[in-house]
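Here's the letter readout for the chains.
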Amino acid sequence: MAAATIDFIDLKAQQARIRREIDAAITRVLDHGQYIMGPEVKTLEKDLAAFTGAKHAISCASGTDALLIAMMAKGIGPGDAVLCPAFTYTATPETIALIGASPVFVDVEDGSFNLDVKGLEAGIAAAKTAGLTPRAIIAVDLFGQPAAYDAIRAFADAHKLWILADAAQSFGATLQGKTVGTLGDITATSFFPAKPLGCYGDGGAIFVDDDGLAKVMDSIRLHGKGEDKYDIVRIGINGRLDTIQAAILIEKLKIFKDEIAARNAVAQRFTTSLRSVVTVPEVRQSATSVWAQYTLQVPADRRAAIAASLKAAGVPTQIYYPRPVPAQEAYAKYPVASGGVPVSDRLSREVLSLPMHPYLDEATQDRIISAVKAAVA
Ligand SMILES: *Cc1c(COP(=O)(O)O)cnc(C)c1O
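None of the values given here were measured: they were computed from a predicted structure.

Conventions used here
- Residue indices follow the written sequence of each chain, beginning from 1 at its first position.
- Predicted model: local features are reported for residues with pLDDT of at least 70 only, side-chain atom pairs are reported and counted for 80 or more only, and whole-chain, interface and lining totals are derived from all residues.
- In computing side-chain values, all of the structure's heavy atoms are included and hydrogens and water are not.
- Grid spacing is 1 Å over the protein atoms alone, the probe is 1.4 Å, and a cavity is where that probe fits but cannot get out, while a pocket is an open set with protein on both sides within 12 Å along at least five of seven lines and lining residues have an atom within 4 Å of a point.
- Grid points are joined across faces, edges and corners, and a volume is the space filled by probe spheres set on the points.
- Elements are defined by DSSP. Helices are runs of H or I of four residues or more, strands are runs of E of two residues or more, and each kind is numbered from the N terminus.
- Only Asp, Glu, Lys and Arg are considered charged, only Ala, Val, Leu, Ile, Met, Phe, Trp, Tyr, Cys and Pro nonpolar, and every remaining residue, Gly among them, polar.
- What counts as a domain boundary in this text is fixed by an automatic or database domain assignment.
- Remark: exposure states derive from per-residue accessible area (1.4 Å probe, protein chains only) relative to the maximum for the residue type, with buried under 20%, exposed over 50%, and partly exposed in between.
- Each pair of strands is called paired provided DSSP finds at least two bridges between the two strands.
- We call two residues in contact when some of their heavy atoms are within 4.5 Å.
- Defined here as a combined quantity, buried area equals the accessible surface (1.4 Å probe) lost by two parts on assembly, summed across both.
- Axes here mean lines fitted to C-alpha atoms, for a helix over just the part in contact, with angles spanning 0 to 180 degrees between N-to-C directions.
- In a left-handed crossing the near helix is turned counterclockwise from the far helix by less than a right angle, and in a right-handed crossing that turn is clockwise.
- One heavy atom within 4 Å of a molecule or strand is enough for the residue carrying it to be called near that molecule or strand.
- Contacts described as polar in this section are N or O atom pairs within 3.5 Å, which, within protein, must combine one atom able to donate a hydrogen with one able to accept it, while residues neighboring in sequence count only if both atoms come from side chains.
- Working definition of accessibility: Shrake-Rupley area with a 1.4 Å probe, residue cover restricted to the visible protein chains.
- A cavity or pocket is said to hold a molecule if more than half of that molecule's atoms lie within 2 Å of its grid points.

With that out of the way, let us pick up the layout of surface pockets. What the largest pocket holds in volume is close to 490 Å³. Looking at the lining of the largest pocket, the elements that each hand over two or more residues are α3 (63–73), α4 (91–98) and β8 (186–190). Here the lining of the largest pocket is composed, by residue class, of 12 nonpolar, 10 polar and 3 charged. In this structure, the lining of the largest pocket is formed jointly by two domains, domain 1 (12–254) and domain 2 (255–376), each of which donates at least three residues. In this structure, the second largest pocket occupies an estimated 320 Å³ of space. What lines the second largest pocket is a set of 16 residues, and nearest its centre among them are Q268, T271, P281, V283 and W291. Breaking the lining of the second largest pocket down by element, the ones donating at least two residues are α9 (256–274) and β10 (287–288).

Right, here's the structure in full:
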């Protein structure tokens, strides 16, 4: 008899752990009835600021809105270029295009999957060739590990660019002892259910130290409000986080550190057991990851067979991402750094993500490890 299929991400185990607290939190919101910007929203924002060490945490409706609001606050628009990695989720460049600016795609590094700082110079050149003004870099913390913000900062300062951290996958990770939320000039994260810290719907948050920017971003998420909600001082959006989602996140944040430790224990075990047979993900010495994904690299011509073998053993896999963004029809017209994005192209053919979540017990980890060893043999 075939063994039961393992969950790729198991949200049920977490729910069972805190179901009573979640039910009570939702009941409190139903009782007070302030579904929009209720008291839980402020409480969550205080908790998020304390967790990250950022001066301001501003909750919002999604990770996509978090990116959008940050760029709107900085006045990015037509004629501007924003450099971003070619190997990322669509939401990163989508927000740049939505405000009328142009993404300029830069390659990533092998190993960390994050922006290759050596490619930024070629990104600037491509922007200028296209007649655009380089304004910002969106660094993406892919699969849960912060990008190389130290080196990105040096480059950004030299070129007078600002840094937006797309931390949708890395909330809770650290770099050189600093927590995600304090690494970019502005940081955007997502609480989509499958992200390391997820709610039960869409949600996101923005982190910033600058008081003026915090005020502008708070206004933008509330339709550009001024002193009150019928005093409109700028163009904004409906970008609020629901009170119910804030109430859920308050409870989930209480167990998040414990869950990060559990994710790291799983990743460590995968790495120790698999590094001799397959290319495992690398975390830089100065960084910690929250393992939004645990992503292997396998030979491109064998990936489909390896995934099929794992599937037959009850181990689901995912391909994040099957194509670099500039290879998508919708993004074909935007500039790519000269020399192209060969690493992104190759990674899109080689990556294979394994099941990863904090409630993966050792017996299940062992099943996954054995199945991978058999599949790549
Ligand atoms: C999930 C994700 C987003 C978007 O977050 P949503 O909450 O789904 O809008 C943006 N960037 C990256 C890298 C993501 O993984």
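The next point concerns the pairing of strand β2 (residues 80–85). The element β2 is extensively covered by neighbouring structure, given that 6 of its 6 residues are classed as buried. Side chains of β2 alternate between two faces, with D80, V82 and C84 and A81, L83 and P85 buried alike. Note that β2 and strand β4 (residues 133–140) share 4 bridges and pair parallel. From the neighbouring strand, V82 faces β4, where its bridge partner is A136. Pairing geometry for β2 and strand β3 (residues 102–106), over 5 bridges, is parallel. From the neighbouring strand, P85 faces β3, where its bridge partner is V106.

Moving on: unusual backbone geometry. Cis geometry is found at the peptide bond from Y320 to Y321, where omega equals 5°. Non-glycine residue K160 carries a positive phi angle of around 55°. By the secondary structure assignment, K160 is in the loop between α6 (149–158) and β5 (162–166). The backbone phi angle of Q176 is positive, close to 50°, even though this residue is not glycine.

The next thing to look at is the domain arrangement of the chain. Domain annotation of the chain identifies domain 1 (12–254) and domain 2 (255–376). Placing a centre on the C-alpha atoms of domain 1 and another on those of domain 2 gives a separation of 23 Å. Facing 55 residues of domain 1, the contacting portion of domain 2 comprises 42 residues. Between domain 1 and domain 2 lies a buried interface of about 3,900 Å² when both sides are counted; carbon and sulfur atoms form 61% of it.

Bringing the sheet that holds β10 into the picture now. The sheet built from 3 strands is open, its strands ordered β7-β6-β10 with antiparallel pairing. Of all the strands in the sheet, the pair left with one neighbour each is β7 (178–179) and β10. Of the pairings in the sheet, the one linking strand β6 (residues 174–175) to β10 comprises 2 bridges and is antiparallel in character. Following the sheet pairing, L175 is matched in β10 by A287.

Turning next to the packing of helix α2 (residues 39–52) against helix α8 (residues 243–254). In contact at an axis separation of 8 Å, α2 and α8 are set at 35° when each is read in the N-to-C sense. Every pair of crossing elements has a handedness; the one defined by α2 and α8 is left-handed. Together, E40, V41, T43, L44, D47, L48 and F51 of α2 and T243, A246, A247, L249, I250 and L253 of α8 make up the contact between the two elements. The residue makeup of the contact of α2 with α8, split by class, is 9 nonpolar, 2 polar and 2 charged.

Another aspect to go through is the site of the ligand. Near the ligand, the surroundings consist of 14 residues, among which T64, D166, Q169, S190 and K195 are the closest. For the ligand, an oxygen atom lies 2.8 Å from a polar atom in the backbone of G63. Measuring from an oxygen atom of the ligand, one finds a side-chain N or O atom of Q169 at 2.7 Å. Surface burial for the ligand is 92%, taken as the share of its 390 Å² of free accessible area covered by protein chains. With respect to the pocket detection grid, the ligand is positioned in the largest pocket. When residues of the shell around the ligand are traced back to their parent elements, those giving at least two are α3 and α4. Classifying every residue of the shell around the ligand by side-chain character gives 4 nonpolar, 8 polar and 2 charged.

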